[in-house]
Amino acid sequence: MADDSGSVFQAGRTGLIVRIPEAESAVRGWRERLDPSARAGIPAHVTVLFPFLDESRIDSVIYSALADVLGRHQVFDLWFGRCGRFPEVSYLVPEPDTQLRQLTEAIADRWPEAPPYGGRFAEIVPHLTIAQGQEDAVLKEIEAGLAGRLPFTSHVSSVELMAYDGMKWHERASFALGGRSRS
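These remarks concern the structure in this document. (Residues numbered from 1 in each chain as written. Predicted model: local features only at pLDDT ≥ 70, side-chain atom pairs only at ≥ 80, totals over all residues. Heavy atoms only, no water.)

**Some remarks on the overall build of the protein**
Here is step 1 of the chain: Within the protein one finds 5 helices and 9 strands.
Here is step 2 of the chain: Starting at the N terminus and ending at the C terminus, the protein contains elements arranged as β-α-α-β-α-β-β-α-β-α-β-β-β-β.
Here is step 3 of the chain: Principal-axis analysis of the C-alpha atoms gives the protein an extent of 45 × 30 × 30 Å.
Here is step 4 of the chain: Across the 183 residues of the protein, 51% fall into the buried class.
Here is step 5 of the chain: For the protein, the accessible surface area stands at approximately 8,500 Å², while carbon and sulfur atoms represent 49% of it.
Here is step 6 of the chain: Distance between charge centres in the protein, computed from 19 positive and 25 negative side chains, equals 2 Å. (Helix = DSSP H or I, 4+ residues; strand = E, 2+ residues; numbered from the N terminus. Buried < 20%, exposed > 50% of the residue type's maximum accessible area, 1.4 Å probe, protein only. Areas by Shrake-Rupley, 256 points an atom, 1.4 Å probe, with all protein chains shown as cover. Lys, Arg positive; Asp, Glu negative; His and termini not counted. Charge placed at Lys NZ, Arg CZ, Asp CG, Glu CD.)

Following this line, the structure appears as structure tokens:
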């Protein structure tokens, strides 16, 4: 997750993510060097919605509403078998991505003041970022290095609310899919 500038996080920012722990062994080294969100404490993940509401706005009513909205979605599995690219960005492609898109749309519909990526992009493209701001040669090196570490599958059963305190990102709550929040 990066803020609107793409490199500097703001205290009080929040986001909703799906952790992908199965990716850590394959991408941790790359992410720690080439993804600012990893250095700021965000684990390997697929973003559900960023930025979400300012942390000062998140209270028990918001927690309850998040638990309700996310609890309507069932657990699912994702398969990661290939890399994708945006300009200067390398990422792993989650397949199928339908459930991720549905999670994003459900949160954005409930909180229209928090459009995905601040409304900067017309299309929702779920992805697990490996590197940002890199030249083509670096992206090719990453893709070659990951070739032998793919594919893998991840079971998604929750969505985490993350908040930035000015130094690091921290998990504030975890919301079970098909169930209640684990705060």
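Picking up where we left off.
**Here's the deal with the sheet that holds strand 6 (residues 152–156)**
Here is step 1 of the chain: One open sheet holds the 4 strands; their spatial order is 5-4-3-6, and the pairing between them is antiparallel. Of all the strands in the sheet, just strand 5 (128–132) and strand 6 have a single pairing partner and so form its edges. Neighbour to neighbour, the strand axes of the sheet diverge by 30° on average, direction disregarded.
Here is step 2 of the chain: By the bridge criterion, 5 bridges tie strand 3 (residues 76–86) to strand 6 in an arrangement that is antiparallel. Looking at the pairing, Trp-79 lines up with Thr-153 of strand 6.
Here is step 3 of the chain: Sheet strands in contact with helix 5 (residues 136–146) are strand 3, strand 4 (89–95) and strand 5, and its direction is about 145° off that of strand 3. (Pairing = 2+ DSSP bridges. Axes fitted to C-alpha atoms, helices over the stretch in contact; angles between N-to-C directions. Contact = heavy atoms within 4.5 Å.)

**Observations regarding the pairing of strand 1 (residues 14–19)**
Two faces make up the sheet, and in a regular strand the side chains alternate between them.
Here is step 1 of the chain: Counted residue by residue, strand 1 has 5 buried out of 6 residues, so it is predominantly covered.
Here is step 2 of the chain: Judged from the 4 bridges that link them, strand 1 and strand 7 (residues 158–164) form a sheet pairing that is antiparallel. In the sheet register, Ile-17 faces strand 7, and the bridge partner there is Glu-160.
Here is step 3 of the chain: With 4 bridges connecting them, strand 1 and strand 2 (residues 45–49) associate as antiparallel partners. In the sheet register, Val-18 faces strand 2, and the bridge partner there is Val-46.

**Let's talk about unusual backbone geometry**
Here is step 1 of the chain: For the bond from Glu-95 to Pro-96, the omega torsion is -15°, close enough to zero to count as cis.
Here is step 2 of the chain: Residue position: Pro-96 is located in the loop between strand 4 and helix 4 (98–110).
Here is step 3 of the chain: In this model, Tyr-117 sits at a positive phi of 55°, which is unusual for a non-glycine residue.
Here is step 4 of the chain: Following the sequence through the fold, Tyr-117 ends up in the loop between helix 4 and strand 5.
Here is step 5 of the chain: Classification of Tyr-117 by relative accessible area gives partly exposed; the value is 25%.

**Considerations on helix 1 (residues 24–34)**
Here is step 1 of the chain: Every buried residue of helix 1 is listed here: Glu-24, Ala-26, Val-27, Trp-30, Arg-31 and Leu-34. Taken around the axis of helix 1, the buried residues stretch over an arc of 150°, which confines them to a single face. Facing away from the buried side of helix 1, by more than 90 degrees, are the exposed residues Ser-25 and Arg-33. (Arc of directions from axis to C-beta.)

**What to know about the nonpolar core**
Here is step 1 of the chain: Counting residues in hydrophobic clusters, the biggest one holds 47 residues, and the most contacted among them are Phe-52, Leu-92 and Ile-107.
Here is step 2 of the chain: Counting residues per element, this core draws most heavily on helix 3 (residues 60–71), which supplies 6 residues.
Here is step 3 of the chain: Aside from chain neighbours lying at most four places away, what touches Phe-52 is Thr-14, Gly-15, Leu-16, Ile-58, Ile-62, Leu-66, Ile-107, Trp-111, Ala-114 and Leu-161.
Here is step 4 of the chain: In terms of nonpolar packing, the next biggest core, distinct from the first, is built from 8 residues, Ala-40, Met-162, Tyr-164 and Trp-169 among them. (Core = buried A, V, L, I, M, F, W, Y, C linked by side-chain atoms within 4.5 Å.)

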